[in-house]
Amino acid sequence: KIEEFTLDLIAQLFNPDRLIREMAAWALHQIDPEVCEANTMRLGYETHRELDAVIKQVDLMLFDKILFLSSIKIFNGISGLSLSFLADIAETDLLNENDSLSLDERTNNNFYIVFAGEIDFFDQGVHQAVFKKGQFLGEMLSLSGFAKSNTLLAKEKSILLKINKDLLYELLAENVKLADRILDYV
């Protein structure tokens, strides 16, 4: 909250790196929310909306995703840079208590990691498992079968990191160490 850094933070709002832009917006908002608002509006609607969601904690900061991923056992020893690439493709899915999500192969092309909360997994209406913070939900749950037969149900307000399978496969093709770690886990 040192005001002498205000101009530096404003300059970093225009940095093409999303992580730096988010951190600059967050820090600027801590110093002066009005100055932050006025300057993020200069970035265009979409970027302003994304930064506003991060500042107001409607969405997770990229930095928070990276810290979270680094705390998961599967990613021990993976560089922060590799985790930042993974965090870049991870979207946030917010589920309120009793919200459900279908995992069927035809309707879902994503992997999930539980960021917060608890999720019940049902296969054809039968409770199979409970997933908690840091656990990975992947293809092994979405075996082909009846439509909407594999369902996640939030036991409480929960946050999932949603990772598009195709984007993950592209990332793994470029990052051998990360691919090895994920293959060891699966």
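Fair warning: this is a prediction, and the values are worked out from it, not measured in the lab.

Parameters and conventions
- Residues numbered from 1 in each chain as written.
- Predicted model: local features only at pLDDT ≥ 70, side-chain atom pairs only at ≥ 80, totals over all residues.
- Heavy atoms only, no water.
- Helix = DSSP H or I, 4+ residues; strand = E, 2+ residues; numbered from the N terminus.
- Buried < 20%, exposed > 50% of the residue type's maximum accessible area, 1.4 Å probe, protein only.
- Contact = heavy atoms within 4.5 Å.
- Areas by Shrake-Rupley, 256 points an atom, 1.4 Å probe, with all protein chains shown as cover.
- Lys, Arg positive; Asp, Glu negative; His and termini not counted.
- Charge placed at Lys NZ, Arg CZ, Asp CG, Glu CD.
- Pairing = 2+ DSSP bridges.
- Axes fitted to C-alpha atoms, helices over the stretch in contact; angles between N-to-C directions.
- Core = buried A, V, L, I, M, F, W, Y, C linked by side-chain atoms within 4.5 Å.
- Salt bridge = Lys/Arg side-chain N within 4 Å of Asp/Glu carboxyl O.
- Arc of directions from axis to C-beta.
- Polar contact = N/O pair within 3.5 Å; in protein donor to acceptor, adjacent residues only side chain to side chain.

*Asks:* Would you take a moment to explain the overall build of the protein chain for this structure?
*Replies:* What the protein chain contains, in helices and strands, is 8 helices and 8 strands. The principal-axis extent of the C-alpha atoms belonging to the protein chain is close to 60 × 35 × 25 Å. Residues classed as buried in the protein chain amount to 44% of the 186 residues present. Of the contacts formed within the protein chain by residues at least 6 apart in sequence, a portion of 69% connects residues at least 24 apart. For the protein chain, the accessible area works out to roughly 10,800 Å², and carbon and sulfur atoms hold 54% of it. Considering the protein chain, the positive charge centre built from 18 side chains and the negative charge centre built from 30 side chains are found 3 Å apart.

*Asks:* Help me understand the sheet that holds strand β3 (residues 110–116), please; the structure alone is not making it clear to me.
*Replies:* By definition, the strands of a sheet pair up through backbone hydrogen bonds, in either a parallel or an antiparallel sense. One open sheet holds the 4 strands; their spatial order is β1-β8-β3-β6, and the pairing between them is antiparallel. A strand with exactly one partner marks an edge of an open sheet, and here the two such strands are β1 (90–95) and β6 (136–137). With 6 bridges connecting them, β1 and strand β8 (residues 158–164) associate as antiparallel partners. Across the sheet, the residue bridging to Thr-92 is Leu-161, located in β8. Where helix α6 (residues 80–89) meets the sheet, it contacts β1 and β8, and its direction lies at approximately 50° from that of β1.

*Asks:* Would you explain the nonpolar core in this entry?
*Replies:* Across soluble globular proteins, nonpolar side chains show a tendency to be buried alongside one another. One finds Leu-69, Phe-75, Leu-86, Ile-113, Leu-161 and Leu-168 to be the most contacted residues of the largest nonpolar core, which totals 27 residues. Elements with a minimum of two residues in this core: α5 (62–71), α6, β3, β8, α7 (165–174) and α8 (176–185). Contact partners of Ile-113, with chain neighbours within four places excluded, come to Phe-68, Leu-69, Ile-72, Phe-75, Gly-134, Gln-135, Phe-136, Ile-159, Leu-160, Leu-161 and Ile-163.

*Asks:* How should the pattern of salt bridges be read in this particular structure?
*Replies:* One side chain can pair with another of opposite charge once the charged atoms of both are near each other. One pass over the structure, following the stated rule, counts 7 salt bridges. Put simply, Glu-118 and Lys-155 hold a salt bridge, and the shortest N to O gap is 3.4 Å. Placement of the pair is Glu-118 in the loop between β3 and β4 (119–123) and Lys-155 in the loop between β7 (150–154) and β8, with a sequence separation of 37 residues. According to the relative accessible area criterion, Glu-118 is partly exposed, its value standing at 22%.

*Asks:* Any chance you could explain the sheet that holds β4 here in plain terms?
*Replies:* Spatially, 4 strands are ordered β2-β7-β4-β5 in an open sheet, and the strand pairing comes out antiparallel. The open sheet is flanked by β2 (100–102) and β5 (126–131), the only strands paired with a single partner. Ignoring which end each strand starts from, the neighbouring axes of this sheet average 25° apart. Note: β4 against β5, 5 bridges, orientation antiparallel. Residue pairing for β5: Phe-122 is matched across the bridge by His-127.

*Asks:* Whenever I open this one, helix α3 (residues 33–40) confuses me. Can you help?
*Replies:* All of the buried residues along α3 are Cys-36, Asn-39 and Thr-40. Around the axis of α3, the buried residues are gathered within 95° of arc, so they sit on the same side. Close packing links the buried residues of α3 with α1 (6–12), α2 (18–31) and α4 (45–55). One side-chain oxygen at the N-terminal end of α3 lies 3.1 Å from the backbone nitrogen of Glu-34; it belongs to Asp-32.

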